[in-house]
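Structural characterization, general
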Amino acid sequence: MSAHPVDEKLPALKMATTGLQHVAAMYAGVVAPPLIVGAAVGLSATELTFLTGACLFTAGLATFLQTLGIWNIGARLPFVNGVTFAGVAPMTAIVAATDDKSDALPIIFGAVIVAGLLGFIAAPFFSKMVRFFPPVVTGTVITLIGVSLLPVAFGWAQGPDPAADDFGSSTNLTLAAVTLLLVLLLRRFTRGFVKQIAVLLGLVGGTLIAIPFGVTDFGPVADASVIGFPSPFHFGAPQFQVAAIISMCVVMVVSMTESTADMLALGEIVDRPADEKTIAAGLRADTLGSAISPLFNGFMCSAFAQNIGLVAMTKIRSRYVVAAGGGFLVLMGLCPMAASLIAVVPRPVLGGAGVVLFGSVAASGIQTLVRAGLEKDNNVLIVAVSLAVGIIPISAPEFYHAFPETARIVLDSGISTGCVVAVLLNLVFNHLGRNQDAEDVTHPMESGEELAGPPRTAPATP
């Protein structure tokens, strides 16, 4: 019996190149948080490079945990892990509230360790939420993931610095458009292996085209050292402050919610639906990776939704490909010069490729909604209201400005709020008082009202 595509081991060259695609897709997301937090702390350029390398290194370790797994840890799906952006706002708030900035990072690291350990303990209980994620919920959340990521691609397309004079310039937008066109042409007119690495080839081509325009900066390569190791507790031993711990625990809840939604989305895409056991194992990997990360000067880790789009587009479902990407992340953490090579890719070029990647996630959500029973008015309302609430942080970023900062950690995540609203509305419309509406209910698989358990089997009992 042949192995499931998720467990397939590809030839070495194909494994390496497709793994690099995953690294390219998530690189900017990994390095952005340490750059922002490091700047807030006032780190020197050397220390900032060290912090960034540490986050790449720990992202690789967390990806190993998630894809290869040990014991009951790891979803064993093609799932990339890295520094969660949800923690940036509370971490910068911790920095601002710390009088001695040299204590800021140790306080953050201590809070992340505690939040990670508590999350690890809570993972099996949190995973039981999977039975409340039927297609009408998962389709909505997957769509929201893609829609929420698209503004990131649009921001990249405009340039790296919103304060720069060339931000949104015709040159930057043209480079993004050319990269997008390259990816589309490669997908349309090539076959086999070349077609599968279209995004990587598009990034390389876009970078080469950007050189004459002076947008490609090779300075990071020239300045980077060849070997470097993120020595444990480089910035000092972790410190444990209650307020910081509570703040990061809230971030952990948000992160676990998004990871659950991401695992459900990825399970649908790779045709290995994520059941309660898989989600519990995946959340253990997330939380344990987060608890270990500060030991090597990294931040909280979580799933990277943008890589789900890459899996959906390339149809390469092997978890070993993503594990290879994790290997590259570890090497980049140990070799700053190697890490700087991907930093050479101009942000507009990343933006052009991001349109395809993130749009593919949204399209996968729509595919799931097709079988969600949208012929029923109740399900249409669930999708309509959940999407509307989830899009609020995108369309009106200051909508929740009057709320406390802790509440905004959750509310400013459209994926989390949309997910919570979808689950609650599904319970209200499709399960509470269900007997009264028995005449409207056909077979659960036809109506899209089933509670999500192991998909394509008998629906779980409400």
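Structure report, in brief. Everything quoted here is computed from the prediction, not taken from an experiment.

Within the largest apolar cluster, 92 residues are counted, with the highest numbers of intra-cluster contacts made by Leu105, Ile108, Met248 and Phe299. Here the element with the most residues in this core is helix 10 (residues 242-269); it accounts for 11 residues. Setting aside chain neighbours within four positions, we find phenylalanine 299 in contact with Pro33, Pro34, Val37, Leu51, Cys55, Val83, Met91, Leu105, Ile108, Phe109, Val112 and Ser293.

Taken as a whole, this structure holds five aromatic pairs when the rule is applied. With a centroid separation of 5.8 Å and 70° between ring planes, the pair formed by phenylalanine 50 and phenylalanine 235 is classed as edge-to-face. In this pair, phenylalanine 50 sits in helix 2 (residues 45-67) while phenylalanine 235 sits in the loop between helix 9 (219-223) and helix 10, placing the two residues 185 residues apart along the sequence. Phenylalanine 235 matches phenylalanine 50 in its accessibility class, with the two residues each being buried. Aromatic side chains phenylalanine 399 and tyrosine 400 sit 5.1 Å apart centroid to centroid with 85° between the ring planes, which places their arrangement in the edge-to-face category. Of the residues examined, tyrosine 400 reaches a relative accessible area of 8% and is grouped as buried. In this structure an aromatic cluster arises from ring pairing among Phe399, Tyr400 and Phe403.

Take helix 8 (residues 198-210) next. Helix length check: helix 8 (13 residues) gives 18 Å between terminal C-alpha atoms against 18 Å at 1.5 Å per residue, within 8%. Along helix 8, the positions that sit buried rather than exposed are Ala198, Val199, Leu200, Gly202, Leu203, Gly205, Gly206, Thr207 and Ala210.

Okay, helix 10 next. Taking 1.5 Å of rise per residue, the 28 residues of helix 10 would be expected to cover 40 Å, and the 40 Å separating its terminal C-alpha atoms lies within 8% of that figure. Counting buried residues along helix 10, 22 of its 28 residues qualify, which places the element largely inside the surrounding structure. Just downstream of helix 10 lies aspartate 271, where phi reads positive at about 60°.

Quick look at unusual backbone geometry now. Even without a glycine there, the phi angle at tryptophan 71 is positive, about 55°. Accessibility expressed as a relative area gives 63% for tryptophan 71, which makes it exposed. Its identity as a non-glycine residue notwithstanding, arginine 76 has a phi of 55°, on the positive side. Along the chain, arginine 76 falls in the loop between helix 2 and strand 1 (81-83). For arginine 76, a relative accessible area of 25% gives the class partly exposed.

Parameters at a glance
Residues numbered from 1 in each chain as written. Predicted model: local features only at pLDDT ≥ 70, side-chain atom pairs only at ≥ 80, totals over all residues. Heavy atoms only, no water. Core = buried A, V, L, I, M, F, W, Y, C linked by side-chain atoms within 4.5 Å. Buried < 20%, exposed > 50% of the residue type's maximum accessible area, 1.4 Å probe, protein only. Helix = DSSP H or I, 4+ residues; strand = E, 2+ residues; numbered from the N terminus. Contact = heavy atoms within 4.5 Å. Phe/Tyr/Trp six-rings, centres within 6.5 Å; stacked < 30°, edge-to-face > 60°. Expected span 1.5 Å × (residues − 1).

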